Amino acid sequence: MKQLTSRHIISFLLILAALTGAQGLSAQTDAQFSQYYEVASAYNPAAIGTTDFIRLRAGGRMQWVGIDNAPKSFAITGDMPLKLFGKRFGVGIVAQQESAGLYRNMSVSLQAGYKIKLFKGELTAALQFGFANEQFKGSEVYIPDDDDYHDSNDEAIPQTDVAGNAFDLGVGAYYTHKWFWAGVSMTHLNSPTITFSDDNGSTSTGGTTTGGSGTSSTNAKNYEFQLRRTLYFMAGSNIPIKNTLFEVMPSVLFKSDFTFTRVEATARMRWKKLLTFGVGYRHDDAVYAVLGAEYKGFFLGYSYDYPISAISKASHGSHELFLGYSVKLNLSGKNNNKHKSIRIM
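Residues numbered from 1 in each chain as written. Predicted model: local features only at pLDDT ≥ 70, side-chain atom pairs only at ≥ 80, totals over all residues. Heavy atoms only, no water.

1. Some thoughts on a nonpolar patch on the surface
Okay, step 1: Taken together, the side chains of Ile241, Phe246, Phe277, Leu291, Leu300, Tyr302, Leu321 and Leu323 define a hydrophobic patch exposed on the protein surface, amounting to about 680 Å² of accessible area.
Okay, step 2: Within the fold, leucine 321 resides in strand S20 (residues 318-328).
Okay, step 3: By relative accessible area, leucine 321 is classed as partly exposed at 42%. (Patch = residues over 30% accessible without salt bridge, like charges linked within 9 Å, V, L, I, M, F, W, Y side chains within 5 Å. Areas by Shrake-Rupley, 256 points an atom, 1.4 Å probe, with all protein chains shown as cover. Salt bridge = Lys/Arg side-chain N within 4 Å of Asp/Glu carboxyl O. Helix = DSSP H or I, 4+ residues; strand = E, 2+ residues; numbered from the N terminus. Buried < 20%, exposed > 50% of the residue type's maximum accessible area, 1.4 Å probe, protein only.)

Right, here's the structure in full:
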């Protein structure tokens, strides 16, 4: 059984401080990626089928390297357009997994959207539905008997491995134009509550936790975790530099669960639609550099984050890597979507 040493406690406190900041405790239920523009459908279900390609992305993030039990995230997205009955649709799938210490969450969702022409661009409205899974390895919790700050008999801490599932909904709108794109969405629209069960399938008892905070009761209660509704806004553009092979590609991401809010901005340049490079800033968290390359449908993207918060005293930064592939589709008939792609493909 893994024991909780002083090093583990310090690591946990540093992670907790970085996640909560100065705005109070807030559970992060969606994975964070610096290359958010590459997996836009992970945050907005309407960011699907925006080109005439089957588009696949898969990658992971190692956050705060150098700190034990720091978050690790993984995501897969896939999307494509469809043409049915003379109408244009988009479909997609997204899967995410994130682990931090003894805690792990995973989600798998399907996405479907309807597209209409609007102001020389295309507007997509979409719905996302799937399931969310939460796990906590209570069997690996260890609190020394001489610990003056933690109670080994605290009923709010599971003593066995527990897990639970819940139905999860999301909704979004996404607009693409020849020169720009923008979208607004909300994940965990139904704010699902997950009730934990142990490995034997029985419901865990002994305390109640909701939204990451625990309360105990003299009566046996279920362990529960509630996913917060999270609002996202994304926008970006392609700005060709006249008489050159370069494009300037600024973008922004705003996210809030109405308790915790974070904003980041990225400035990239693309050369010959082949190589991309740039820098970004995440408010009160990190600065980062991004690199990307695409050749004959294959994509490779990398980012490095350097923390500017107190976490920099213990971490060497964060690394993120994405791979991808795009396949051109023949939608039959005249292609009504000849506008320039406003996203890296």
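From this point, things continue past the structure.
2. Observations concerning the nonpolar core
Okay, step 1: In this structure, Phe33, Tyr36, Val39, Tyr43, Tyr174 and Met234 are the most contacted members of the largest nonpolar core, which totals 22 residues.
Okay, step 2: Contributions of two or more residues to this core are made by strand S13 (230-237) and strand S18 (286-295).
Okay, step 3: Contact partners of tyrosine 43, with chain neighbours within four places excluded, come to Ala31, Gln32, Phe33, Tyr36, Ser185, Thr187, Tyr232 and Met234. (Core = buried A, V, L, I, M, F, W, Y, C linked by side-chain atoms within 4.5 Å. Contact = heavy atoms within 4.5 Å.)

3. Examining the confidence of the model for the protein
Okay, step 1: Mean pLDDT over the protein stands at 82; residues scoring 70 or higher make up 77%.
Okay, step 2: Put simply, strand S11 (residues 213-215) is where the protein has its lowest mean pLDDT, 38, and strand S17 (residues 275-282) is where it has its highest, 97.
Okay, step 3: Between residues 1-27, whose pLDDT stays under 50, and residues either more than four places distant or in other chains, the model counts 48 contacts.
Okay, step 4: Ignoring residues within four places in sequence, the model shows residues 205-221, a span with pLDDT below 50, making 36 contacts including any to other chains. (pLDDT = per-residue confidence, 0-100.)

4. Some words on the environment of serine 256
Okay, step 1: Looking at where serine 256 falls in the secondary structure, it is placed in strand S15 (residues 246-256).
Okay, step 2: The spacing of serine 256 and arginine 229 is 27 residues in sequence and 8.5 Å in space, taken between C-alpha atoms.
Okay, step 3: Ignoring anything within four residues of it in the chain, the contact list for serine 256 reads Arg229, Thr230, Leu231 and Thr261.

5. Quick look at the environment of alanine 267
Okay, step 1: Here alanine 267 shows up in strand S16 (residues 261-271).
Okay, step 2: Overall, the relative accessible area of 43% leaves alanine 267 in the partly exposed class.
Okay, step 3: Sequence-distant contacts of alanine 267, defined by excluding residues within four places in its chain, comprise Met249, Pro250, Phe277, Gly278 and Val279.

6. Notes on the pairing of strand S1 (residues 53-62)
Okay, step 1: Two elements, S1 and S20, share 10 bridges in a ladder whose sense is antiparallel. The residue of S20 that forms the bridge with leucine 56 is tyrosine 325.
Okay, step 2: Where S1 meets strand S2 (residues 72-84), 8 bridges bridge the pair, whose relative direction is antiparallel. Considered in S2, the bridge of arginine 57 is made with threonine 77. (Pairing = 2+ DSSP bridges.)

7. Some details on the environment of asparagine 69
Okay, step 1: Among the secondary structure elements, asparagine 69 is positioned in the loop between S1 and S2.
Okay, step 2: Among the residues examined, asparagine 69 registers a relative accessible area of 32% and is labelled partly exposed.
Okay, step 3: The spacing of asparagine 69 and leucine 102 is 33 residues in sequence and 8.0 Å in space, taken between C-alpha atoms.

8. Describing the pairing of strand S3 (residues 87-100)
Okay, step 1: Note: S2 against S3, 13 bridges, orientation antiparallel. What sits directly across from methionine 80, in S3, is valine 91.
Okay, step 2: The antiparallel pairing of S2 with S3 creates a hairpin that spans 2 residues between the two strands, and phenylalanine 85 there sits at a positive phi of about 55 degrees.
Okay, step 3: Pairing geometry for S3 and strand S4 (residues 103-118), over 13 bridges, is antiparallel.

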